[in-house]
Amino acid sequence: MDFELWLKKLADFLVVAGVPPEQGPIAALGLVFLCITLLSLIFILLLLRRNSRAKDAPTEIPEETESVDEKPGRVAEVAAEQVALQVEVEEAPVVEPSRTPVELPADDEPVSLFQRMQQGLAKTRSSLVGRMDALLGSHARLDDDFLEALEEILITADFGMQATQELVQALTVRLKEIDQSEPGQFHRVIGEEIRARLKTGRTAWPVPDSGPLVILVVGVNGVGKTTTIGKMAKQFTDQGKKVVLGAGDTFRAAAAEQLEIWGTRAGAEVIRHTEGSDPAAVVFDAAKAAVARKADVLILDTAGRLHTKVNLMEELKKIRRIVDREIPGAPHETLLVLDATTGQNALIQARMFQEAVEVSGIALTKLDGTAKGGIVVAINSQLDLPVRLIGVGEGVADLRPFDADEFVAALFANN
């Protein structure tokens, strides 16, 4: 009753203030509700502010104190400990930071060169030969259906359309030689046909009439040009040859620094300019230095911008002219580095560079990182270029001359 009386008085007050009489009770009730809401909000804000202050306040950790009366000799003990600690610090020897240069990890001891090749082709062997064996087991006869399925396997392994069709046509003629219950016979026949389509690169580098052997290394960014150059340099120096490296890739950031690391490891001198310099000027200085120092080998790195860029190709032509002027007959080898994991894109790159700079051989890197090692056959089949070197691992010895017989033997080993 008290609340209703108070509410009626509030309504009468609002009517006097100008609220219509019929709306007085509703206005009074709304005003009461509004006041309660405002008070609630104020209360909540006060609580939030209090909690915020409590969180921000530093937590005081009570210190452990000792009474002087309880441990009368403690002050003297602490003083003695501090003096002893100071003496130990003063007498401790000062250790100078090591100035020994960080060396790149050395190669593991090879079990055998053939086993390295086997390990490098493990992914291709598992995918390609494994699928072939499964195909043999799933077909009652070596008929057209079998050959069609085999064609698909070869194409997906990056053998390329041309090499695949040639292999299938040859196998069609030789199917009568194969006992389907003996997978080894099928391996032998298809291995022979693959070998027949592979060109083996020269077993030795060309020998110039005078001056150093000059190897110009080209290829797009990311294919492993600099690493390939470093491994080649190490192999040459291990043979007792004097090697000079020309850091002609002045476009990519830190390319020269990366080459210097390899040069230090290989014991080769690196000729470089600042980043952004004219690559032709670097090649000129490198050629002069190689002749003056009576180097046995000069390896020239180059920029690897997109192979579709006309300027890059013109730059490579200019480099060839300059090195030929300083060392007649050079470059004696123009090595195109291709990444095996890029598959058919590698063939496109090869055609572009072949047209621009007269490529004489291929270095196929990262063959151990792909299950599509058939790209080796595609390159040999579609391009008139030998695969000169292949990379089947991270070690220096894993960059090795390509041998077609060894490649086929490793591909079908233990199958």
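Please refer to the structure placed before this passage.
These numbers were taken from a predicted model, which means no experiment stands behind them. (Residues numbered from 1 in each chain as written. Predicted model: local features only at pLDDT ≥ 70, side-chain atom pairs only at ≥ 80, totals over all residues. Heavy atoms only, no water.)

### A few points about the overall build of the protein chain
If you tally the helices and strands in the protein chain, you get 15 helices and 8 strands. The proportion of buried residues among the 415 residues of the protein chain is 42%. If you take every contact in the protein chain between residues at least 6 apart in sequence, the share linking residues at least 24 apart comes to 72%. Accessible area of the protein chain: about 23,500 Å², with a carbon and sulfur share of 56%. (Helix = DSSP H or I, 4+ residues; strand = E, 2+ residues; numbered from the N terminus. Buried < 20%, exposed > 50% of the residue type's maximum accessible area, 1.4 Å probe, protein only. Contact = heavy atoms within 4.5 Å. Areas by Shrake-Rupley, 256 points an atom, 1.4 Å probe, with all protein chains shown as cover.)

### Let's talk about a negative patch on the surface
Judged by side-chain charge, Asp-144, Asp-145, Glu-148 and Glu-152 come together as a negatively charged surface patch. For Asp-144, a relative accessible area of 62% corresponds to the exposed category. (Patch = residues over 30% accessible without salt bridge, like charges linked within 9 Å, V, L, I, M, F, W, Y side chains within 5 Å. Salt bridge = Lys/Arg side-chain N within 4 Å of Asp/Glu carboxyl O. Lys, Arg positive; Asp, Glu negative; His and termini not counted. Charge placed at Lys NZ, Arg CZ, Asp CG, Glu CD.)

### Let's talk about the pairing of strand S2 (residues 243-248)
Within S2, 6 of the 6 residues are buried, which leaves it mostly tucked inside the rest of the structure. Covered by surrounding structure in S2 are Val-243, Leu-245 and Ala-247 together with Val-244, Gly-246 and Gly-248, the residues of both alternating faces. Bridge count for S2 against strand S4 (residues 297-302) is 6 bridges, and the pairing is parallel. Its bridge partner lying in S4, Val-244 is registered against Leu-298. Of the strand pairs in this sheet, S2 and strand S3 (residues 269-271) are connected by 3 bridges, and their pairing is parallel. Its bridge partner being in S3, Val-244 is matched across the sheet by Glu-269. (Pairing = 2+ DSSP bridges.)

### Describing helix H7 (residues 161-174)
The first and last C-alpha atoms of H7 sit 20 Å apart over 14 residues, in line with the 20 Å expected at 1.5 Å per residue. Among the residues making up H7, those that are buried are Ala-163, Thr-164, Leu-167, Val-168, Ala-170, Leu-171 and Arg-174. With its buried residues spanning 165° around the axis, H7 presents them on a single face. Exposed and oriented more than 90 degrees from the buried face of H7 are Gln-169 and Val-173. Contacts made by the buried residues of H7 are with helix H6 (144-156), helix H8 (183-196) and helix H14 (375-382). (Expected span 1.5 Å × (residues − 1). Arc of directions from axis to C-beta.)

### Regarding the pattern of salt bridges
Per the stated rule, a full pass over the model turns up 22 salt bridges. Here Glu-166 and Arg-197 are joined by a salt bridge, their closest N and O atoms 3.3 Å apart. Highlighted residues: Glu-166 in helix H7 and Arg-197 in the loop between H8 and strand S1 (213-218), separated in sequence by 31 residues. For Asp-249, the salt bridge identified is with Arg-252, shortest N-O distance 3.6 Å. For Asp-249, a relative accessible area of 4% puts it in the buried group. A relative accessible area of 27% places Arg-252 in the partly exposed class. Ionic contacts of the salt-bridge type, sharing partners, join the residues Glu-166, Arg-174, Glu-177, Arg-188, Glu-192, Glu-193 and Arg-197 into one network.

### Topic: the side chain of Asp-249
Relative to the elements of secondary structure, Asp-249 occurs in the loop between S2 and helix H10 (255-266). A polar side-chain atom of Asp-249 sits 3.3 Å from the main-chain amide nitrogen of Phe-251. Setting aside residues up to four positions removed in sequence, Asp-249 forms contacts with Asn-221, Ala-255, Ala-256, Asp-301, Thr-302, Ala-303 and Gly-304. (Polar contact = N/O pair within 3.5 Å; in protein donor to acceptor, adjacent residues only side chain to side chain.)

### Here we look at the packing of aromatic side chains
Tallied over the entire structure, the rule returns 3 aromatic pairs. Ring geometry for Phe-146 against Phe-186: centres 5.9 Å apart, planes inclined by 80°, an arrangement best described as edge-to-face. Of this pair, Phe-146 sits in helix H6 while Phe-186 is found in helix H8, placing the two residues 40 residues apart along the sequence. One exposure class covers both Phe-146 and Phe-186, and it is buried. (Phe/Tyr/Trp six-rings, centres within 6.5 Å; stacked < 30°, edge-to-face > 60°.)

### Concerning the packing of helix H5 (residues 122-138) against H6
Interhelical geometry of H5 versus H6 gives an angle of 170° and a closest axis separation of 10 Å. Relative to H6, the element H5 is oriented roughly antiparallel. Here Leu-128, Arg-131, Met-132, Leu-135 and Leu-136 of H5 come into contact with H6, specifically with Phe-146, Ala-149, Leu-150, Ile-153, Leu-154 and Thr-156. In the contact of H5 with H6, the residues fall into 9 nonpolar, 1 polar and 1 charged. (Axes fitted to C-alpha atoms, helices over the stretch in contact; angles between N-to-C directions. Parallel < 35°, antiparallel > 145°, perpendicular 65-115°, else oblique. Nonpolar A, V, L, I, M, F, W, Y, C, P; charged D, E, K, R; others polar.)

### Some details on the environment of Ala-295
Here Ala-295 shows up in the loop between helix H11 (279-292) and S4. We classify Ala-295 as buried; its relative accessible area is 6%.

### Some remarks on the pairing of S4
Among the 6 residues in S4, 6 count as buried, and that is most of the element. Taking every second residue as pointing to the same face, both faces of S4 are buried, with Val-297, Ile-299 and Asp-301 on one and Leu-298, Leu-300 and Thr-302 on the other. Both S1 and S4 contribute to a ladder of 4 bridges, which runs parallel. Within the sheet, the bridge partner assigned to Val-214 lies in S4 and is Leu-298.

### Things to note about the nonpolar core
Ranked by internal contacts, the top residues of the largest apolar core, which has 101 residues, are Ile-299 and Leu-364. When sequence neighbours within four positions are dropped, the list of residues in contact with Leu-364 reads Leu-338, Asp-339, Ala-340, Ile-375, Val-376, Ile-379, Val-387, Leu-389, Ile-390 and Gly-391. Ranked by size, the runner-up nonpolar core spans 6 residues in total, among them Leu-7, Leu-10, Ala-11 and Leu-14. (Core = buried A, V, L, I, M, F, W, Y, C linked by side-chain atoms within 4.5 Å.)

### With respect to the environment of Gln-165
Structurally, Gln-165 is set in helix H7. When its relative accessible area of 38% is taken as the criterion, Gln-165 is described as partly exposed. Each C-alpha atom of the pair Gln-165 and Ile-155 lies 9.4 Å from the other, and the pair is 10 residues apart in sequence.

Functional significance is not addressed by these values, which are geometric in nature.
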